[in-house]
Amino acid sequence: MNLLIVEDEVRLCNSLVNNLPWEQHGIEIVGIAHNGLDALELIERKKPDLLLLDIQIPGVDGLTVARKVHEQGTMTKMVILSGHDNFTYAQKALEFGVFKYLLKPAGDADILDAVLNAADQLRRELALKHSQDVLQEKWRHNLPNLQNNFFVNWLNGKFVEWEITRRSQDVQLELERDARYAVVAVDMDPVSEQETRFSQQDMPVLQFALGGIAKEVLPDSWVCSDPGGPTALIFKAAADKSSDAVMLQVNTDVARLLSTVKECLKLTASGGICRTTGSREEVPELYRQAVRALQNRIVYGGNIAIPFREEPGHKPVLPADANLEKTLEIALQTGDEDKAAETLEQLWAMSGMMKAESVDDIQENVMFFGALLIRIMQKQGWPFKELAGDDFAHFLHPQALGHKEQIHAMLLRVVRRAAVYVQKQRMSVSHQIVKQLLGIVEEEMDQEISLHQVADRLYVNSSYLSRLFKQETGKSFSAYVIERKMERAKAALLDGVKISEAASMVGYHDGSYFTRVFRKYWGMTPGEVRP
């Protein structure tokens, strides 16, 4: 579950963020605010499940924030942490749906217990909304078929421009000609062998449940069930927002949806997000981007929202049919060299190559494999001639090769080159994002640096960025930031800088808190380091 902390006392706020074991209890801090206006803006954008809130904060006070959250009718659970033992305050808090009213100085255990109890209450309410009986009932009634069929055809490029207008009006949908849209593809992750409640045969009802939850969590989006494919979400962009702002909100909404699915179904789902917004005629292309991004869960694992990243020369495509050719395509897409080679061996064994008795038979089989590889690579935008290398001529004149085993070795070389090519491309794209992230840490060492803030600036969701950073560097982002700050502070102290100046240089404005962190990291105080 997601938690937003609103507290104007910097030391207490740092303590709440860093000293309580939120992650051990499945709670992610998605933001902190030191005043009421920032809190309202973050609540609107992040839509937290849980809110830990002080009353006396600058700007809009905490009770006003609680009232506005209550008026929105969301399921957000609020815990007040106040220094005022005032009956009127407590009474107002109850009127605004506050779950718990704590008085300062409350202990860490009391605060953690209150937030966890609020989370448990929210889970119970979600369970009531999404019980298996309710899901089965919704599944029997299904979604309005006419609107869903329109969305399926629209997403898959079945309409020319004038048909979009006429057919959308036929099913009572408002699609303005100059509006902008974003598309997301979400799908339940495969059911594991350890799962006892559901099996792969239950995937249709689970996918339907995913669509139902999406409608409740994201009521302003259109939800489409594409038969045989993922569930599609179509977001209509607000006219007064830039494309970057829209995509940032979409990333936040999808991450929240996946979190809710996990809480309700005790299973995970993943989402692929298109690169940017587009016109209604561009929606099919946006959908192809979203589906392509979703396929990358094979690389990053499940339970993740993945934004589409355009790799040089790539063109987003829809998945192929479920057969060996599809298996080869997926293996090449993910750069899985061993799987690609294994699948080629299976196709080779099934082909007529080994039984060929004439040059014509050989050439027909080479043409089959050549056409298959060209089709896969053209879909991805890969340079087939470059990847084939010196073997390109052999596809045109296979008789130049001495025997069938040489043809087999040639095909294997091309497949392995393609897999290595993808691996290098993925590393290049990933390194660009991580390089940006490392640059921000170095340039803004004197400020507070949090993963969710940096993710917002890079227009990706924090879960994706966290996993990518860990994959590239082998350590968590928070651990890396502390490591760099402590190394910088120690170097400054060794150069004779004052303790207060060293603390400020690495973003710590509370001297005692800096000393505690420094001692925990280096095993000595800043004063013991200074020459």
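Residues numbered from 1 in each chain as written. Predicted model: local features only at pLDDT ≥ 70, side-chain atom pairs only at ≥ 80, totals over all residues. Heavy atoms only, no water.

Novice: Help me out: how do you make sense of the confidence of the model for the protein chain in this one?
Specialist: The predicted coordinates should not be examined in detail at positions where pLDDT is low. For the protein chain, the mean per-residue pLDDT works out to 85, and 89% of the residues sit at or above 70. This stretch, residues 312-322, has a pLDDT under 50; its non-local contacts, to residues over four places away or in other chains, come to 38 contacts. (pLDDT = per-residue confidence, 0-100. Contact = heavy atoms within 4.5 Å.)

Novice: What's the story with the packing of helix 19 (residues 451-458) against helix 20 (residues 462-473) in this structure? I'm lost.
Specialist: Pairs of packed helices are described in terms of their axes, by the angle between the two and the distance that separates them. Contact geometry of helix 19 with helix 20 gives a least axis separation of 9 Å together with a crossing angle of 105 degrees. Taken together, the axes of helix 19 and helix 20 lie roughly perpendicular to each other. Counting all contacts with helix 19, which are made through L451, H452, V454, A455 and L458, the residues of helix 20 involved are S462, L465 and S466. Residue classes in the contact of helix 19 with helix 20 are distributed as five nonpolar, three polar and no charged. (Axes fitted to C-alpha atoms, helices over the stretch in contact; angles between N-to-C directions. Helix = DSSP H or I, 4+ residues; strand = E, 2+ residues; numbered from the N terminus. Parallel < 35°, antiparallel > 145°, perpendicular 65-115°, else oblique. Nonpolar A, V, L, I, M, F, W, Y, C, P; charged D, E, K, R; others polar.)

Novice: I'm lost on the sheet that holds strand 2 (residues 28-33) in this one. Help?
Specialist: Pairing between the strands of a sheet is mediated by backbone hydrogen bonds and can be parallel or antiparallel. Read from one edge to the other, the open sheet built from five strands follows the order 2-1-3-4-5, with strand pairing classed as parallel. Either end of the sheet is taken by a strand with one partner, and the two such strands are strand 2 and strand 5 (100-103). In this sheet, neighbouring strand axes are inclined to one another by 15 degrees on average, regardless of whether the strands run parallel or antiparallel. Summarising the sheet, strand 1 (residues 2-6) and strand 2 pair through five bridges and their orientation is parallel. Paired with L4 across the two strands is G31, which belongs to strand 2. (Pairing = 2+ DSSP bridges.)

Novice: I keep staring at the sheet that holds strand 8 (residues 231-236) and nothing clicks. Help me out?
Specialist: Judged by pairing direction, the sheet is mixed, and its five strands sit side by side in the order 7-8-6-9-10 without closing on themselves. Looking at strand neighbours, the two that pair on one side only are strand 7 (222-225) and strand 10 (305-307), the edges of this open sheet. For this sheet, the mean angle separating the axes of adjacent strands, direction not counted, is 20 degrees. Taken together, the four bridges between strand 7 and strand 8 define a ladder with antiparallel strand orientation. Note that in strand 8 the partner of C224 across the bridge is A232. Most of the contacts of helix 7 (residues 145-155) go to strand 7, to which it runs at about 85 degrees, and overall it touches strand 6 (181-188), strand 7 and strand 8.

Novice: Looking at this model, I keep getting lost on unusual backbone geometry. Mind explaining?
Specialist: Most peptide bonds are trans, and most residues other than glycine sit at a negative phi. Here K104 and P105 are connected by a cis peptide whose omega angle stands at 0 degrees. Along the chain, P105 falls in the loop between strand 5 and helix 5 (108-129). Even without being a glycine, Q172 presents a positive backbone phi close to 60 degrees.

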